[in-house]
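# A look at the structure
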Amino acid sequence: MTQYKWKGNHKINTGIINSRLEKLRALMSKRDLEVFVLMVDERANSENCHYISGFRGSSAALIITYDEAHLITDGRYTTQAKQESPFEITIQSEVPLLKYIADTVKEVGWRHIGFEAKKVSHSDYYDYFEPVGGYWYDASDLILKLRRTKDAHEVDMIRQAALIGRKAYGETLKLAHAGMTETEFDIKLMERIKLNGAEKGWAHDDFIVASGARSAMCHAPATLKKFAEGDTVTVDYGAMVEGYMSDITRNFALGHISDKAREINAVLLKAHHDAAAALRPGIPGRDVDAVARGVIEEAGYGKFFLHGLGHGLGLEVQRLSRTSNDILQTGDVVTIEPGIYIEGWGGLRIEDDYLITPDGAECLTVNDNQSIEII
């Protein structure tokens, strides 16, 4: 099997890419696939491409066999591709990438081809792949299976993203004051996240900054509403390092904390800690959700817990909710984020990220500042 060597200064080391290729090829062998192809179209599916090849451009194709791995992209990425990926690189702009893949498959004569059917439209399949002939198998799950179990490098990146996020949040909190708008806080938080070394915040979503009664909305984006004395503010944020994100939610209050906010925060702290203590390999996601939900229901706030307890981080493959059939396994990274939301009053949520270990779980975001902070 070919062992690829880096040609310059790269973020992911050779051993990680070779290990991922070896695992992918083992899965290909079980499906009797001769080749696996992958498409990135205007960043769609870029995460899978980055995971298996190291390349993070917005347009690419991968062709992977048992002894070769090719990255095809266009001239915009000539330098970047060489810096980021150890694959053999082809730069071409003459034909659409789907046609390039189809022509290559036809020229080589592969008959058993794995591709990600969930990433290729129905019309594209019939325009480019079906005319080539052969057997095109949906292998959408192959890289997803590999990505689910986080390796040491991925866990380290999430830890770094958490450290940067927490530091940036602490620095931003010192700047918060009555009269500041939610949007101003959001902008300053993002600025601090980048200045502390992260690439960005979240990949596809804005942060949640919701003050006063607006915090009753679970996913409220920041607005021009001004913070007022006595407001509690919920901030759901994160940082990205080498494509890996942290996801943290904290709450603060301006001037003082109301008795109701103190009560709800105490309920959420217990729900969070009890659920986190239940995390382990082999437990169904719905059982972890039930632990937190039971605490909240016993306190009389059950009808105000409006969402599932958490989700997989990086890939939305594991759900911690009442309807989840997912079973946690070693190497999963999940969030624990119980929340209580009361229309007309407001809401609170406490969120941290956990790595499932053979013996339980490790908090990657260091849950030592979960109580409402007063500014």
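What comes next is a walk through the structure. (Residues numbered from 1 in each chain as written. Predicted model: local features only at pLDDT ≥ 70, side-chain atom pairs only at ≥ 80, totals over all residues. Heavy atoms only, no water.)

## Focus: the overall build of the chain
Cut-off, in case you're wondering: Helix and strand labels come from DSSP, where a helix needs a run of H or I of at least four residues and a strand needs a run of E of at least two; each type is numbered from the N terminus. All radius of gyration figures rest on C-alpha atoms, and the globule criterion is 2.2 Å times the number of residues raised to 0.38. Under the scheme applied here, a residue whose accessible area is under 20% of the maximum for its type counts as buried, over 50% as exposed, and between as partly exposed, the area being computed with a 1.4 Å probe on protein chains only. Throughout, a residue-residue contact means that at least one pair of heavy atoms, one from each residue, lies within 4.5 Å. For the accessible areas, the method is Shrake-Rupley and the probe is 1.4 Å, while residue cover comes only from the protein chains on display. Charged residues are defined here as Lys and Arg on the positive side and Asp and Glu on the negative side; His and the ends of the chain fall outside this count. A single reference atom marks each charge: NZ on Lys, CZ on Arg, CG on Asp, CD on Glu.
A count of helices and strands for the chain gives ten helices and 19 strands. Its C-alpha atoms give the chain a radius of gyration of 23 Å, within 12% of the compact-globule value 21 Å for 375 residues. Split into buried and exposed, the 375 residues of the chain put 53% on the buried side. Long-range pairs, those at least 24 residues apart, make up 65% of the contacts in the chain between residues at least 6 apart in sequence. Looking at the chain as shown, the accessible area adds up to about 16,600 Å², and 50% of this sits on carbon and sulfur atoms. One finds the centroid of the 43 positive side-chain charges in the chain at a distance of 1 Å from the centroid of its 55 negative side-chain charges.

## Things to note about the pattern of salt bridges
Here is the rule we go by: We define a salt bridge as a side-chain nitrogen of Lys or Arg found within 4 Å of a carboxyl oxygen belonging to Asp or Glu.
Under the criterion given, the structure shown has 19 salt bridges. Note that D231 is salt-bridged to K225, the shortest N-O span being 3.1 Å. Using a relative accessible area of 12% as the deciding quantity, one classes D231 as buried. Judged by relative accessible area, K225 falls into the partly exposed class, the value being 27%. Among the salt bridges present, the one from R349 reaches D236, with a minimum N-O distance of 3.0 Å. Linking R349 in strand β16 (residues 346-349) with D236 in strand β8 (residues 232-237), this pair joins segments that are 113 residues apart in sequence. Like R349, the residue D236 is buried in the burial classification.

## Comments concerning the sheet that holds strand β19 (residues 373-374)
Counted only if it meets this: By definition, two strands form a pair when at least two bridges between them are found by DSSP. Note on geometry: axes are C-alpha line fits, over the in-contact stretch for helices, and angles between N-to-C directions span 0 to 180 degrees.
The sheet built from four strands is open, its strands ordered β7-β8-β11-β19 with mixed pairing. Since the sheet does not close on itself, it has two edges, and those belong to β7 (208-211) and β19, each with one partner. Sheet topology places strand β11 (residues 248-253) next to β19; two bridges connect them, and they run parallel. Each bridged residue has a counterpart across the sheet, and for A253 the counterpart in β19 is I374. Along the sheet face, helix α8 (residues 182-195) touches β7, β8 and β11 and points at about 145° away from the line of β7.

## Observations regarding the packing of aromatic side chains
Aromatic ring pairs are described here by two measures, namely the spacing of the ring centres and the angle between the planes. Applied cut-off: Any two of the Phe, Tyr and Trp rings considered here, Trp counted by its six-membered ring, make a pair once their centres fall within 6.5 Å; the pair's planes then place it as stacked at under 30 degrees, edge-to-face at over 60, or tilted in between.
For the structure shown, the criterion picks out 15 aromatic pairs. Between the aromatic rings of F115 and W136, the centroid separation amounts to 5.8 Å while the plane-to-plane angle is 85°, which identifies the pairing as edge-to-face. Here the residue F115 occupies a position in strand β5 (residues 112-115), and W136 occupies one in strand β6 (residues 135-138), the gap between them amounting to 21 residues. Look at Y125 and Y126: their rings are 5.1 Å apart centre to centre, the planes differ by 90°, and that puts the pair in the edge-to-face class.

## With respect to the packing of helix α4 (residues 97-108) against helix α5 (residues 122-129)
Helix-helix packing: each pair is described by the crossing angle between the helix axes and the interaxial distance. Worth spelling out the cut-off: Any angle that falls under 35 degrees is termed roughly parallel, while one over 145 is termed roughly antiparallel, one within 65 to 115 roughly perpendicular, and all others oblique. Working rule for handedness: look at the near helix, and if it is turned counterclockwise from the far one by less than a right angle, call the crossing left-handed; if clockwise, right-handed. Residue polarity follows a fixed list, in which Ala, Val, Leu, Ile, Met, Phe, Trp, Tyr, Cys and Pro are nonpolar, Asp, Glu, Lys and Arg are charged, and the others, Gly among them, are polar.
α5 packs onto α4 with a crossing angle of 40° between their chain directions and a minimal axis gap of 9 Å. On the basis of their axis angle, the class for α4 and α5 is oblique. When the axes of α4 and α5 are compared, the crossing they make is right-handed. Between α4 and α5, the residues in contact are L98, K99, I101 and A102 and D124, Y128 and F129, respectively. Residue classes in the contact of α4 with α5 are distributed as five nonpolar, no polar and two charged.

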